Amino acid sequence: MSFSIIGTGSGFPERVVTNDDLAQLLDTSDEWIRPRTGIRERRVATKETVLDLALAAARNALDSSGIGPEELDCILCATLRGDYFTPSLACLLQGALGADCPAFDINGACSGFLYALDVADCYFARGKAQKIMVVAAEMMSKLVDWKDRSTCVLFGDGAGAVVLGPGNDLLSIKVTAKGGAELLRAPNVHGNSPFDETEELPCVVYMNGQEVYKFAVSSMQRDVQEVVQQAGLTLEDVNYILPHQANIRIIDAAAHKLKMPRERILTNIDRHGNTSGAGIPALLDECARAGTFHRGDILVMSSFGSGLTTGACVLRWSGAGKEQKE
Ligand code: UT7
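These numbers come from a predicted model, not from an experiment.

Digging into the site of the ligand
Argument step 1. Inspection of the region around the ligand gives 23 residues, with Thr 28, Gly 209, Gln 210, Asn 247 and Asn 274 positioned closest.
Argument step 2. Gly 209 is positioned such that a nitrogen or oxygen atom in its backbone is 2.9 Å from a nitrogen atom of the ligand.
Argument step 3. At a separation of 3.0 Å, an oxygen atom of the ligand approaches a polar side-chain atom of His 244.
Argument step 4. With the chains in place, 72% of the 960 Å² that the ligand exposes on its own is no longer accessible.
Argument step 5. The set of elements that each furnish at least two residues to the shell around the ligand consists of helix H2 (30–37), helix H6 (149–152), helix H7 (209–230) and helix H8 (248–258).
Argument step 6. Ranked by the residues each element gives to the shell around the ligand, the list is headed by H7, at 4 residues.
Argument step 7. Residue classes in the shell around the ligand are distributed as 11 nonpolar, 8 polar and 4 charged.

Re the packing of H7 against H8
In a pair of packed helices, the angle between the axes and the distance between the axes together describe the arrangement.
Argument step 1. Two elements in contact, H7 and H8, have axes separated by 9 Å at closest approach and are oriented at 40°. Relative to H8, H7 is oriented oblique. With respect to the hand of their crossing, H7 and H8 are arranged in right-handed fashion. Residue-level contacts link Tyr 213, Ala 216, Val 217, Met 220, Gln 221, Val 224 and Gln 225 of H7 to Arg 249, Ile 250, Ala 253, Ala 254, Lys 257 and Leu 258 of H8.
Argument step 2. By residue class, the composition of the contact of H7 with H8 is 9 nonpolar, 2 polar and 2 charged.

A few points about the nonpolar core
Argument step 1. Counting 36 residues, the largest nonpolar core has Leu 117, Val 134, Leu 164, Leu 242, Phe 293 and Met 301 as the members making the most contacts within it.
Argument step 2. With 6 residues, the single largest contributor to this core is helix H5 (residues 112–125).
Argument step 3. The residue makeup of this core includes at least three contributed by each of domain 1 (2–169) and domain 2 (172–316).
Argument step 4. If sequence neighbours within four positions are ignored, Leu 117 has contacts with Phe 3, Val 134, Val 162, Leu 164, Ile 173, Met 301 and Cys 313.

What to know about the sheet that holds strand S4 (residues 74–78)
Argument step 1. A sheet is described by the order of its strands in space; here 5 strands give the open sequence S1-S7-S6-S4-S5, paired in mixed fashion. The open sheet has two edge strands, strand S1 (2–11) and strand S5 (103–106), and neither has a second partner. The average undirected angle you get between the axes of adjacent strands in this sheet is 20°.
Argument step 2. Bridge analysis of S4 against strand S6 (residues 132–139) gives 5 bridges, and the strand direction is parallel. Of the residues in S6, the one forming a bridge with Cys 74 is Ile 132.
Argument step 3. This element, helix H4 (residues 89–97), spans S4, S5 and S6 of the sheet and lies at about 130° to S4.
Argument step 4. Of the strands in this sheet, S1, S6 and strand S7 (157–167) touch helix H10 (residues 279–290), which is tilted by about 90° from S1.

Some remarks on the domain arrangement of the chain
Argument step 1. Entries for the chain in the domain assignment read domain 1 (2–169) and domain 2 (172–316).
Argument step 2. In this structure, domain 1 and domain 2 have C-alpha centres spaced 14 Å apart.
Argument step 3. When the buried area of domain 1 at its contact with domain 2 is split by residue, Cys 110, Leu 114 and Asp 169 rank highest and sum to 17% of it.
Argument step 4. The salt bridge involving Asp 270 is made with Arg 40; its shortest N-O contact spans 3.1 Å.
Argument step 5. Inspection of the region where domain 1 meets domain 2 yields 20 residue pairs in polar contact (both at pLDDT 80 or more).

Here we look at the sheet that holds strand S11 (residues 240–243)
Across a sheet, paired strands are connected by hydrogen bonds in the backbone, their directions being either parallel or antiparallel.
Argument step 1. Strands sit in the order S8-S13-S12-S11 across an open sheet of 4 strands; the sheet is mixed. The two strands at the open ends of the sheet, each matched to only one other strand, are strand S8 (170–177) and S11. Strand-to-strand, the axes of this sheet are offset by a mean angle of 10°, without reference to chain direction.
Argument step 2. The strands touched by H5 are S8, strand S12 (298–305) and strand S13 (309–316); relative to S8, the strand with the most contacts, the crossing angle is about 125°.

Re the pairing of S6
Argument step 1. Within S6, 8 of the 8 residues are buried, which leaves it mostly tucked inside the rest of the structure.
Argument step 2. Here S6 shows no split at all, with Ile 132, Val 134, Ala 136 and Glu 138 on one side and Met 133, Val 135, Ala 137 and Met 139 on the other all buried.
Argument step 3. With 8 bridges joining them, S6 and S7 adopt antiparallel strand pairing. Looking at S7, one finds that Glu 138 is bridged to Gly 158.

Remarks on the packing of aromatic side chains
Argument step 1. As enumerated under the stated definition, the model contains 3 aromatic pairs in all.
Argument step 2. Ring plane angle 55° and centroid distance 6.0 Å describe the contact between Phe 3 and Phe 124, whose orientation is recorded as tilted. One end of the pair, Phe 3, is in strand S1; the other, Phe 124, is in helix H5, and 121 residues separate them in sequence. The residues Phe 3 and Phe 124 share a single accessibility class, namely buried.
Argument step 3. Note on Phe 293 and Trp 317: the rings are 5.0 Å apart at their centroids and 55° apart in plane angle, and the pair reads as tilted. Here Phe 293 is found in the loop between H10 and S12, whereas its partner Trp 317 is found in the segment after S13, with 24 residues between them in sequence.
Argument step 4. A relative accessible area of 1% places Phe 293 in the buried class.

How each quantity is defined
Residues numbered from 1 in each chain as written. Predicted model: local features only at pLDDT ≥ 70, side-chain atom pairs only at ≥ 80, totals over all residues. Heavy atoms only, no water. Near = heavy atom within 4 Å. Polar contact = N/O pair within 3.5 Å; in protein donor to acceptor, adjacent residues only side chain to side chain. Areas by Shrake-Rupley, 256 points an atom, 1.4 Å probe, with all protein chains shown as cover. Helix = DSSP H or I, 4+ residues; strand = E, 2+ residues; numbered from the N terminus. Nonpolar A, V, L, I, M, F, W, Y, C, P; charged D, E, K, R; others polar. Axes fitted to C-alpha atoms, helices over the stretch in contact; angles between N-to-C directions. Parallel < 35°, antiparallel > 145°, perpendicular 65-115°, else oblique. Left-handed = near helix turned anticlockwise from the far one by under 90°. Contact = heavy atoms within 4.5 Å. Core = buried A, V, L, I, M, F, W, Y, C linked by side-chain atoms within 4.5 Å. Buried < 20%, exposed > 50% of the residue type's maximum accessible area, 1.4 Å probe, protein only. Domains from an automatic or database assignment. Pairing = 2+ DSSP bridges. Buried area = accessible area lost by both parts, 1.4 Å probe. Salt bridge = Lys/Arg side-chain N within 4 Å of Asp/Glu carboxyl O. Phe/Tyr/Trp six-rings, centres within 6.5 Å; stacked < 30°, edge-to-face > 60°.

Right, here's the structure in full:
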């Protein structure tokens, strides 16, 4: 026994920041950003907290699943940084929803949602849960260096959520890690210990874009092929791929290597940029609500990110929410 997705949701800050808005702040332009990344605009938090975004996504997902918070047996939040070191974002969300279940955070960076699905799968396999909420919520605007044009233009804020119930729609899943901070990192706060002799590092994102790009294309190709094979399927059986929304050129290159028709690769990076782990569940919610999926469709999710981590899975869509097609 594994799980089925019975509800989806998403939540974004109100403020839209376009490439032209960024050009007012930095030496950049829509002409540079759009062709290199596919990003036109992103949402950036002004008054919202990470919890606000997570709560909006969670409430939408509960609403589409038709269950109440009291029915949840576990809440998993995938996040790089909640509003507090402690309590975890998941505990704050549990309290705000009025749920009564264990709750904890998972830091798998951009692959965090896939890591959380993998953990949820284990809960269902052991019969430890009947309903699990997985929320990925990120506020990258508080992690990037707004003076570094090579990274800050890429990211956005947002949250995506799913409610899971027992079922057999997860056909395969894999997560990987290749540990190291060389290519992509955001150091933690230094604190003010009078005994600390370690070097204080800036608490902002550093990324070696070109190396991460190469890792991303090759790992997506490898992971998608592996999970599809593990599920006993071929790429022709796949209706849609939901890739990590990091860069349209990475997505196009991976699609090309997989010989996957471009219309079967779903994206919303043009409107949201890279929202780290929140990107895939928010895209899933958008497509579910738009009626993109039909019952029985085979979906593949594939992500990569800091760690370096990757995650991928194959899911059968059996119709979360009210808006799907037969
Ligand atoms: O979820 C995390 C995963 N991260 C990723 O997936 C990122 C993967 N990497 C990428 O997507 C690409 O490497 C980037 C979009 C980050 C960068 O694209 P690139 O084609 O690799 O550009 P580059 O870093 O080689 O920079 C080319 C030029 C440089 O100028 P010079 O040295 O050639 O004069 C940069 O200074 O573009 C300059 N540049 C910019 N110019 C205007 C870098 N950022 C900007 C900018 N606006 N925002």
